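Listed here are the chains, written in short residue letters.
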Amino acid sequence: MKLIHALQDMDSENSLSARFRRARAAHVVALIEKTFAERGQVRIADLGGEPTYWQILFDRAFLEAHKVHISLFNPQPFSVDDPLFTAAVGDACDMHEHADNSFDLVHSNSVVEHVGDWVRMEAFARECRRLAPRYYVQTPYFWFPVEPHFSAPFFHWRSEQTRAKLLMKRKHGFSEIAPDVGAAMRDVQHARLLDKAQFKFLYPDARHVDEKILVLTKSLIAIRD
């Protein structure tokens, strides 16, 4: 019952999600401060990121004072009208055009679960670890009972076939009703959540932090600082 009430509070002014975002931002702020103290600037590669994330969670004056510049890498072309950012097209699982330690900090928020199968997850993690001496990676936890993309308790613990059938019957979270089994399966496989053993295997040189709601781990965070 407490968990249900907590989840219902996710959209309020002082909601759990708002507190989670502030706590995550604090980890990134610490990495920025440490990097700036050493290098006098902070070049960030945000894999799969968007400007709104940084504009909402971080103080502009702080970012400018610490000479932060953020390269946003996404697979499709897009534009950004803000000198704080560079819009970059790239496959975050294969960024061979960028040499080792081309950036000061790699940032990834809820992306690794979307890159594809396990082979691509390994490739994504290698790029996170290769592109900068520091990184911050966050992902939802498989064993938390509510799947964040479909907003349904226990949904992600069912078979792919069962989930596809359910998506063809009604809307779930961010997914509209699927018109056929092909669309439903694409939605099902769009997000593949990780457990702790998998996440630690992908990021073995990180400090691992559990983001919790009540006594349950909600998200996993890997920080190399």
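Presented here is a report on the structure given in the accompanying data block. These numbers were taken from a predicted model, which means no experiment stands behind them.

This paragraph deals with the pairing of strand β5 (residues 134–140). Counting buried positions over the seven residues of β5 gives seven, a clear majority of the element. Burial of the side chains of β5 extends over both faces: Arg134, Tyr136, Gln138 and Pro140 are buried on one face and Tyr135, Val137 and Thr139 on the other. Pairing between strand β4 (residues 105–109) and β5: five bridges, direction parallel. Note on β5: the bridge partner recorded for His107 is Tyr136. Between β4 and its parallel partner β5, the chain crosses via helix α5 (residues 118–130), and the hand of that crossover is right-handed. As judged from the six bridges shared by β5 and strand β9 (residues 216–224), these two strands associate in the antiparallel manner. By the bridge assignment for β9, Thr139 is matched with Leu220.

Right, let's talk about the sheet that holds β4 for a bit. In a beta sheet, neighbouring strands are held together by backbone hydrogen bonds and run either parallel or antiparallel to one another. Strands sit in the order β3-β2-β1-β4-β5-β9-β8 across an open sheet of seven strands; the sheet is mixed. On the outer flanks of this sheet lie β3 (85–89) and β8 (207–213), each paired with one strand and no other. Put simply, the sheet's adjacent strands are angled 20° from each other on average, direction ignored. With six bridges connecting them, strand β1 (residues 42–47) and strand β2 (residues 68–74) associate as parallel partners. Along β2, the bridge assignment pairs Val42 with Val68. The strands that α5 touches are β1, β4, β5 and β9; relative to β5, the one it contacts most, it runs at about 150°.

What follows covers the layout of surface pockets. Size it by volume and the largest pocket reaches roughly 1400 Å³. Around the largest pocket, the lining comprises 44 residues; the ones closest to its centre are Asn109, Ser110, Glu113, His114 and His149. When residues of the lining of the largest pocket are traced back to their parent elements, those giving at least two are α2 (16–39), β1, α3 (51–57), β2, β4, β5, β6 (146–147) and β9. Grouping the constituent residues of the lining of the largest pocket by class yields 19 nonpolar, 15 polar and 10 charged. By volume, the second largest pocket amounts to about 210 Å³. In terms of lining, the second largest pocket is formed by 15 residues, of which the most central are Phe142, Arg163, Ala191, Arg192 and Leu193. Considering only residue class, the lining of the second largest pocket consists of eight nonpolar, three polar and four charged.

Parameters and conventions
Residues numbered from 1 in each chain as written. Predicted model: local features only at pLDDT ≥ 70, side-chain atom pairs only at ≥ 80, totals over all residues. Heavy atoms only, no water. Buried < 20%, exposed > 50% of the residue type's maximum accessible area, 1.4 Å probe, protein only. Helix = DSSP H or I, 4+ residues; strand = E, 2+ residues; numbered from the N terminus. Pairing = 2+ DSSP bridges. Right-handed = clockwise from strand over helix to strand, strands pointing away. Axes fitted to C-alpha atoms, helices over the stretch in contact; angles between N-to-C directions. Contact = heavy atoms within 4.5 Å. 1 Å grid on protein atoms, 1.4 Å probe; cavity = no way out; pocket = protein on both sides within 12 Å on 5 of 7 lines; lining within 4 Å. Points joined across faces, edges and corners; volume = space filled by probe spheres on them. Nonpolar A, V, L, I, M, F, W, Y, C, P; charged D, E, K, R; others polar.

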